[in-house]
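Reading the structure
What follows is the residue order along each chain.
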Amino acid sequence: MWSTTQKKNAKSQPQQQQQQQNPITLGMTSAISIALPKPQDIAKSLELEEALKPYDVFETEQELGHRMMILSKLFELVKQWIKEVSIARNMPENVAENVGGKIYTFGSYRLGVHHKGADIDALCVAPRHIYREDYFSTFFELLKQQPEVTELRAVEEAFVPVIKMNFDGIEIDMLFARLLIKEISDTMDLQDDVLLKNLDQKCVRSLNGCRVTDEILRLVPNIDNFRLALRAIKLWAKKHGIYSNVLGYLGGVSWAMLVARTCQLYPNAAPAILVHKFFLVFSRWKWPQPVLLKQPSSISLGFPVWDPRVNIQDRYHLMPIITPAYPQQNSTFNVSVSTRSIMVEEFKSGLQITEDIMLGAHGWDRLFEPPPFFMKYRHFIVLLVSAPTPDDHLEWSGLVESKIRLLIGTLERNPHIMLVHINPESFSHLESQSDSNNTCSLWFIGLDFAKTENLNVDLTFDIQQFTENVNRHAINIKMLKEGMKLEARHVKRKQLSQYLSPSILKRERKTSSNASVKNGSESRKRTSDGGSAEGPVPKKTRITEEVQTQSFEDTSNASLNDDSNSNLSLTDEHSSSTNMPQSADSTTQAVCT
């Protein structure tokens, strides 16, 4: 916990004061401020830690111990498996005993910011005489024999091949990498770039997670402060519906890199200040300027790296956040015009909320209140994904989710659509509307249309093309089974009660109403203070004062035009439907107005 580490760090204050007098350069630029925390900053950070506890973002010592025990068992299984395979390949037993093999972790668990019940991202590293085919055959069979292992499945053809399992109650995603060395010692560090030489792409991708995570931890000035700030930002992003790499928002590693960059700019700041500075920095960031934690590596081993000077496609990335380990990649290539616009607006809202929190006007709970989604738009596309069994539905909905961003991109290209807002939360179908023989879930896409007289927009072709592409892909990978269905419907806000429970809509209306009341009272207060009712009067805090002269951007060769987004809507509408081919077994309804 952050509060306990603070007591240990109190003794190092004189050392920090000495550090404050020296210029600090972390990452691509020098720090904006190296000021030490004030007592009120520490107090706000302790309040933040307490505010996070009800959301189950911390595990008990017992739960952490359980995870360590599971990883220890997996490590023993890996060593046993590698020894058995080595002996089967005529290696002397005494040599096979020492060839090693190791389990590494990455992601939220390795960063130290996982929540209760979170999965563990792990990597099995083996010596050169052990192959991926062995991992997905003999090791998979060994896992099958373990009584603690359930829900075991292999995804060998994935972009990053993985074995998924539940090991004694904890979900584990386990990758595999084969290094071109004779032995894997228990102390091996994966940060040496030379280890990647002559490896295949799948091994490099598998290693990348561990290398990036370890490099992030190495590049932040204070790991404990980084962790508490990142826990807060991840919870905020989830509550505000912008945590999903697959749907075009940011995933865990991207949020970690943004918080890490904030820590580099304010190396001595307490976690509460880091959260506040996070919103300050990225609400004013000049996208598509990239976020970089360090100068890109100059090593060249033949693997593709993010470089807009060389790769034309890299110039069109809208919100580049570049991983710090070779080969450098953009972790946000899925971001679209709409999702970037939505996230920037959330950054601005977060800045306003945290300024109020720092001034004592609100508690930290205000930051984690979900904003209204269904009250924000008048028109929606609803994707209904159904399958005959829960297992089939899990597989089918995963495929559909991975393709939704393609539909978003298509809709964004329609000149009459100003914004496409996908809610990353999937909802269960109402019992009164669902088929008892099927498992069904729903995704909602909010649409903002251009405000035009007699507007007539027909999205039949776009939606039909999306459903056909999904079904075609499912057929190609031999996933599509009888009873798997994908249906798209246009729904107006007043029809949402047919798809969502009354409690969800009631909560949305209450949130929307409260927001209107707060905005109205704040507007009246600003007017009475001599300000304008049309816009907020900037608060003269030490945080906002910094931005008078500071430009938040890193050096980049990327160059794109800014996009613009409007809040507009339709005046009336009617629906039509198009039947899918029999093999697709899907229904499409167009939006026509």
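Residues numbered from 1 in each chain as written. Predicted model: local features only at pLDDT ≥ 70, side-chain atom pairs only at ≥ 80, totals over all residues. Heavy atoms only, no water.

In this section: the overall build of the protein. Assigned secondary structure in the protein consists of 16 helices and 16 strands. Relative to its 593 residues, the protein shows a buried fraction of 50%. At a minimum sequence separation of 6, the contacts of the protein that also span at least 24 residues come to 74%. A total of about 28,000 Å² of accessible surface is found on the protein, and carbon and sulfur atoms cover 48% of it. (Helix = DSSP H or I, 4+ residues; strand = E, 2+ residues; numbered from the N terminus. Buried < 20%, exposed > 50% of the residue type's maximum accessible area, 1.4 Å probe, protein only. Contact = heavy atoms within 4.5 Å. Areas by Shrake-Rupley, 256 points an atom, 1.4 Å probe, with all protein chains shown as cover.)

On to the environment of Pro371. Within the element layout of this structure, Pro371 appears in the loop between helix 12 (337–358) and strand 10 (379–387). The partly exposed category is assigned to Pro371, whose relative accessible area is 31%. Counting along the chain gives 131 residues from Pro371 to His240, while the straight-line C-alpha distance between them is 6.2 Å.

With that out of the way, let us pick up the confidence of the model for the protein. Model confidence for the protein is summarised by a mean pLDDT of 85, while 82% of its residues fall at 70 or above. Contacts for the low-pLDDT stretch residues 17–21, under 50 throughout, to residues beyond four places or in other chains number seven contacts. Within the model, pLDDT remains below 50 along residues 523–551, and this stretch shows 37 contacts once partners closer than five positions in the same chain are excluded. (pLDDT = per-residue confidence, 0-100.)

Let us look at the packing of helix 11 (residues 271–283) against helix 12. Between helix 11 and helix 12, the shortest axis-to-axis distance is 8 Å and the interhelical angle comes to 145°. Pair helix 11 / helix 12 crosses with left-handed handedness. Of the residues in helix 12, those touching helix 11 at Ala272, Ile273, Val275, His276, Phe278, Phe279, Leu280, Phe282 and Ser283 are Phe347, Lys348, Gly350, Leu351, Thr354, Glu355 and Met358. By residue class, the composition of the contact of helix 11 with helix 12 is 10 nonpolar, four polar and two charged. (Axes fitted to C-alpha atoms, helices over the stretch in contact; angles between N-to-C directions. Left-handed = near helix turned anticlockwise from the far one by under 90°. Nonpolar A, V, L, I, M, F, W, Y, C, P; charged D, E, K, R; others polar.)

Moving on to the side chain of Asp462. By the element assignment, Asp462 lies in helix 14 (residues 460–476). One buried charged residue, Asp462, forms no salt bridge at all, with the nearest opposite charge on Arg413 at 7.4 Å. Those residues within four positions of Asp462 in sequence are excluded, and the remaining contacts are Leu407, Thr410 and Asn414. (Lys, Arg positive; Asp, Glu negative; His and termini not counted. Salt bridge = Lys/Arg side-chain N within 4 Å of Asp/Glu carboxyl O.)

In this structure, Leu486 sits in strand 14 (residues 485–492). For Leu486, a relative accessible area of 0% puts it in the buried group. Distance in space between the C-alpha atoms of Leu486 and Leu383 is 7.0 Å, their sequence separation being 103 residues.

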